[in-house]
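Analysis of the macromolecular model
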Amino acid sequence: MGASEHAAFNVRAHLQTGQVIPAHPLALTPTRDMDERHQRALTRYYVAAGAGGMAVGVHTTGFPIHDPKIGLYRPVLELAAETATAALADASRPFVRVAGLIGDTAQATREAQIALALGYHCGLLSLGAWREASDEAILAHCRRVAEAIPLFGFYLQPAVGGRRLGYAFWREFAEIANVVAIKVAPFDRYATLDVVRALADAGRDDIALYTGNDDAIVADLVTDMPVTSGGRGYTRHFVGGLLGQWAVWTSKAVEMLHAIQTWRASGTDMLRREWLTRGAALTMANAVIFDAANGYRGCLPGILEILRLQGLVRGTWTFDTHEQLSPGQAEALSRLSAQYPDLADDRFVAERLDDWLR
């Protein structure tokens, strides 16, 4: 994406429209080098599936790439950006590039500058390094990073490194002008609604709500949540998702979001019961993929195993050699496509895989 095109892209408007944004995994070789061929295939898959963007350098990619000793932050972001740009060349459409940002203020700001130089539009700010900090210190950090790049806020669940951030935090966070969206992923209904209420009370209808609750994707997307602002009662809803679950079966996720958007646009009050059934099926599949029964220890390998079964990656290797599939997880994963044929996109991938791997 050239400088003029980047400047003309309205990231806030694009995110408000509602998009499927996969959290981009990292394809590695058995010796744990980046597998460039399969990494490009993954990006081409997300573009072909109709995703409205991608998030790179996030938890699903693997936080170790941010380590200077590994030295892959810039190369991974650059490869994804270049590949997406080339894949979109014949059918140009808006496509948001979200860069994962971690660490202290100096590191996060440095990463934001790298991301902007590579054509990324906003930063998904992880607060994993701030678990013991006060809300005031975290908010000061967020304000500083927002001076460098538009922020995609991130409420990460405590089970995988996040911390509880209450209503008061999100009410102050909503005062940051350069926030364009928030990924709400505490896997907690009360905590999820704290964010929604905070945005309403701040009058920030221009901040897009994105679900990161992989255990409640459909419920988030179809629910109108009652809020009040300035004495006016209205509803807010999640317009899209930035999800590790949407790193797999992406074309089906795009179909699902488009169908929900069509239902909303129709003005029909009646919600089809089948959406709730599909939501339950998606949560059940996600429990296997994310290895919920074992505290999410097999989460990243689970995502990679689905992609391996489809031929998009060669294996489930991550930089953490202790990060492996849990006992019985591989067998359970191998059955998912047959168990949930309406969710899996094996045929879509098989018909295009050779082109993506070229």
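Look up a bit, the structure's there.
Let us look at the structure shown here.

Cut-offs applied
Residues numbered from 1 in each chain as written. Predicted model: local features only at pLDDT ≥ 70, side-chain atom pairs only at ≥ 80, totals over all residues. Heavy atoms only, no water. Core = buried A, V, L, I, M, F, W, Y, C linked by side-chain atoms within 4.5 Å. Buried < 20%, exposed > 50% of the residue type's maximum accessible area, 1.4 Å probe, protein only. Helix = DSSP H or I, 4+ residues; strand = E, 2+ residues; numbered from the N terminus. Pairing = 2+ DSSP bridges. Axes fitted to C-alpha atoms, helices over the stretch in contact; angles between N-to-C directions. Salt bridge = Lys/Arg side-chain N within 4 Å of Asp/Glu carboxyl O.

Topic: the nonpolar core
Core analysis: the biggest nonpolar cluster contains 104 residues, and Y120 and F173 have the highest contact counts within it. By size, the runner-up hydrophobic cluster in this structure holds 21 residues, among which are L15, A55, V96 and A208.

Thoughts on unusual backbone geometry
For R32, which is not a glycine, the phi torsion comes out positive at approximately 60°. Residue placement: R32 occurs in the loop between strand 1 (20-22) and helix 3 (36-48). Given the relative accessible area of 24%, R32 is considered partly exposed. Unlike most non-glycine residues, F187 shows phi in positive territory, near 55°. Position of F187 among the secondary structure elements: in the loop between strand 6 (179-185) and helix 8 (189-201). On the basis of relative accessibility, which here comes to 17%, the residue F187 falls in the buried class.

Quick notes on the sheet that holds strand 2 (residues 53-56)
The strand order across the open sheet built from 8 strands is 1-10-7-6-5-4-3-2, with neighbouring strands paired in parallel fashion. The outermost strands of the open sheet, each flanked by one partner alone, are strand 1 and strand 2. When the angles between neighbouring strand axes are averaged without regard to direction, this sheet yields 25°. Bridge count for strand 2 against strand 3 (residues 96-101) is 4 bridges, and the pairing is parallel.

As for the pattern of salt bridges
A full pass over the atoms with the stated rule returns 16 salt bridges. Measuring nitrogen to oxygen at the nearest pair gives 3.6 Å for the salt bridge that ties D205 to R232. Here R232 lies in strand 9 (residues 232-236) and D205 lies in the loop between helix 8 and strand 7 (208-211), a separation of 27 residues in the sequence. By relative accessible area, which is 33% here, D205 ends up partly exposed. Judged by relative accessible area, which is 44%, R232 ranks as partly exposed.

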